[in-house]
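Chain by chain, the residues:
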Amino acid sequence: MESGCQSNTSLCSDVGKNAWPELCEVLGKDAVAIIQRENPLVNAVILLQGTPVTHDIRCDRVRVWVNEIGNVMIVPVVG
């Protein structure tokens, strides 16, 4: 079965687990809880797809991009 998520690559490799492809199409709030449980070094934040953000790389942040119904649409990665 093909996922509806866009792939994504982390630029941070020394922070433990740094990508969560298994969270594609999961509810964003559930994804945040899983990410923060699996890697307590990062802060996961939910953002609606298309929200303007800075382009800085932060190895303590995971952006969880969701659609209008709250499902993850881009593979969450550290950065």
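Because the structure is predicted, anything quoted here is derived from the model rather than measured.

1. What about the nonpolar core?
Trp20, Ile35, Ala44, Val62, Val64, Val72 and Val78 are the most contacted members of the largest nonpolar core, which totals 18 residues. If you list the elements that add at least two residues to this core, you get α1 (28-38) and β2 (61-66).

2. Regarding unusual backbone geometry
Of note in the backbone geometry, Glu25 takes a positive phi value of approximately 70° without being a glycine. Tracing the backbone through its elements, the reader meets Glu25 in the segment before α1. Take Glu25: its relative accessible area is 41%, and that puts it in the partly exposed class.

3. Let's talk about the pattern of salt bridges
Within this structure, the stated rule accounts for 4 salt bridges. Between Asp56 and Arg61 there is a salt bridge whose closest N-O contact spans 3.6 Å. A relative accessible area of 34% means that Asp56 is categorised as partly exposed. A relative accessible area of 10% places Arg61 in the buried class. Taken together, the shared-partner salt bridges connect Lys17, Glu22 and Glu38 into one network.

Definitions and limits used
Numbers given to residues run from 1 along each chain, matching the order in which its sequence is written. At least 70 in pLDDT is required for a residue's local features to be given in this predicted model, at least 80 for side-chain atom pairs to be given and counted, and no such filter applies to totals for whole chains, interfaces and linings, which use all residues. Heavy atoms from the whole structure form the basis of all side-chain values; hydrogens and water molecules are not counted. What makes a nonpolar core is a set of buried Ala, Val, Leu, Ile, Met, Phe, Trp, Tyr and Cys residues whose side-chain atoms join them at distances within 4.5 Å. Only protein chains enter the area calculation, which uses a 1.4 Å probe; residues under 20% of their type maximum are buried, those over 50% are exposed, and those in between are partly exposed. Helix numbering and strand numbering both begin at the N terminus, where a helix is a DSSP run of H or I of at least 4 residues and a strand a DSSP run of E of at least 2. Counted as salt bridges are all cases of a side-chain nitrogen of Lys or Arg within 4 Å of a carboxyl oxygen of Asp or Glu.

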